[in-house]
Amino acid sequence: MPGIDECLIDVMRLPGARGAAVVDWTSGLALGTIGESPNGDHEATAAETAEVARMAAEQPVFAQAEGHASASGPPAPAVEDVIVTTAPSYHILRFVETAFDSSVFLHLWLDRAEGNLALARIRLGEIAERLVLA
């Protein structure tokens, strides 16, 4: 099973991918990065995107409705991903589901002119499922 580096390499194979990171949203630390960073600093980008992820994940309005727990194990996270669009790009924050209380997400920075948001979202979900945190 792939680890962080292998998953980030897979993410960068997506059309229009400019940069990506695996981030812990409780601490704001980048666990792994690849490619470019929107502001030129991967650590600052990790901290900034962690704030957005934390705001979405901790809001009661996004809490999972009762009866929607996963049949095969612990309940699925209430928020799957967060998508932020800007004029030149998309930012997709995909939460990674793990057996423990996960606070990790994948951040993909995607060029809007070259990328495909729907395809990137689907592929990012597949990559997040395969990600094994060591």
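Quantities reported herein were computed from a predicted structural model and do not represent experimental measurements. (Residues numbered from 1 in each chain as written. Predicted model: local features only at pLDDT ≥ 70, side-chain atom pairs only at ≥ 80, totals over all residues. Heavy atoms only, no water.)

> It is not clear to me how helix α2 (residues 42-57) should be interpreted in this structure. Could you clarify?
Note on helix geometry: an α-helix contains 3.6 residues per turn, so any two residues three or four positions apart are oriented the same way. For α2, which comprises 16 residues, the first-to-last C-alpha distance of 22 Å matches the rise-based estimate of 22 Å (1.5 Å per residue) to within 8%. Taken together, the buried positions of α2 are occupied by T45, A46, T49, A50, A53 and A56. All buried residues of α2 project into a common sector of 135° when viewed along the axis, lining one side. Where α2 is buried, its residues contact β1 (17-24), β2 (29-35), β3 (81-85), β4 (89-95) and β5 (104-111). (Helix = DSSP H or I, 4+ residues; strand = E, 2+ residues; numbered from the N terminus. Expected span 1.5 Å × (residues − 1). Buried < 20%, exposed > 50% of the residue type's maximum accessible area, 1.4 Å probe, protein only. Arc of directions from axis to C-beta. Contact = heavy atoms within 4.5 Å.)

> Teacher, can you tell me more about the pairing of β2 here?
Both faces of the sheet carry side chains from a regular strand, because those side chains alternate between them. By the bridge criterion, 6 bridges tie β1 to β2 in an arrangement that is antiparallel. Bridge pairing links A21 to T33 in β2. Between the end of β1 and the start of β2, which pair antiparallel, lie 4 residues, with G28 showing a positive phi angle near 80°. (Pairing = 2+ DSSP bridges.)

> Looking at this structure, how should I read the nonpolar core?
It is characteristic of soluble globular proteins that their nonpolar side chains tend to be buried jointly. The biggest cluster of nonpolar side chains holds 20 residues, and the ones touching the most others in it are V11, V22, L106 and L108. Of all the elements in the fold, those that place two or more residues in this core are α1 (4-12), β1, β4, β5 and α3 (117-130). In terms of nonpolar packing, the next biggest core, distinct from the first, is built from 13 residues, W25, A46, A56 and L93 among them. (Core = buried A, V, L, I, M, F, W, Y, C linked by side-chain atoms within 4.5 Å.)

> Teacher, can you tell me more about the pattern of salt bridges here?
Any two side chains of opposite charge can pair, given that their charged atoms come close. Considering all chains together, one arrives at 8 salt bridges under this definition. Two residues, R13 and D10, come together in a salt bridge whose shortest N-O distance is 2.5 Å. For R13, a relative accessible area of 60% corresponds to the exposed category. A salt bridge links D81 to R121, with the nearest nitrogen and oxygen atoms 2.8 Å apart. Taken together, the positions of D81 in strand β3 and R121 in helix α3 put the pair 40 residues apart, joining distant regions of the chain. Taking relative accessible area as the criterion, D81 reaches 17% and is therefore assigned buried. With a relative accessible area of 32%, R121 lands in the partly exposed category. (Salt bridge = Lys/Arg side-chain N within 4 Å of Asp/Glu carboxyl O.)

> How should the confidence of the model for the protein be read in this particular structure?
As a note on interpretation, predicted positions should not be read in detail where pLDDT is low. Summarising the model, the protein shows a mean pLDDT of 87, and 84% of its residues fall at 70 or more. Of all secondary-structure elements in the protein, the lowest mean pLDDT belongs to α3, at 94, while β4 reaches the highest, 97. Below a pLDDT of 50 lies the segment residues 70-76, which in the model reaches 7 contacts outside its immediate sequence neighbourhood of four places, other chains included. (pLDDT = per-residue confidence, 0-100.)

> Whenever I open this one, the pairing of β3 confuses me. Can you help?
Taken together, the 5 bridges between β3 and β4 define a ladder with antiparallel strand orientation. Its bridge partner being in β4, T85 is matched across the sheet by Y90. Hairpin connection of β3 to β4: 3 residues between the antiparallel strands.

> Would you mind going over the environment of I34 with me for this structure?
Take I34: it is sitting in strand β2. For I34, a relative accessible area of 23% corresponds to the partly exposed category. Placed 13 residues apart in sequence, I34 and A21 show a C-alpha to C-alpha distance of 6.4 Å. If we ignore the near neighbours within four places in the chain, the residues touching I34 are L8, I9, M12, G19, A20 and H42.

> What's the story with the sheet that holds β3 in this structure? I'm lost.
Neighbouring strands of a sheet are bound in pairs by backbone hydrogen bonds; such pairs are parallel or else antiparallel. Taking strand neighbours across the sheet as the criterion, the 5 strands line up as β2-β1-β5-β4-β3 in an open arrangement whose pairing is antiparallel. Two strands in the sheet have a free side with no partner beyond their single neighbour: β2 and β3. Each adjacent strand pair in this sheet contributes to an overall mean axis angle of 15°, direction not counted. Direction of pairing for β4 relative to β5: antiparallel, over a ladder of 7 bridges. What sits directly across from H91, in β5, is W109. (Axes fitted to C-alpha atoms, helices over the stretch in contact; angles between N-to-C directions.)

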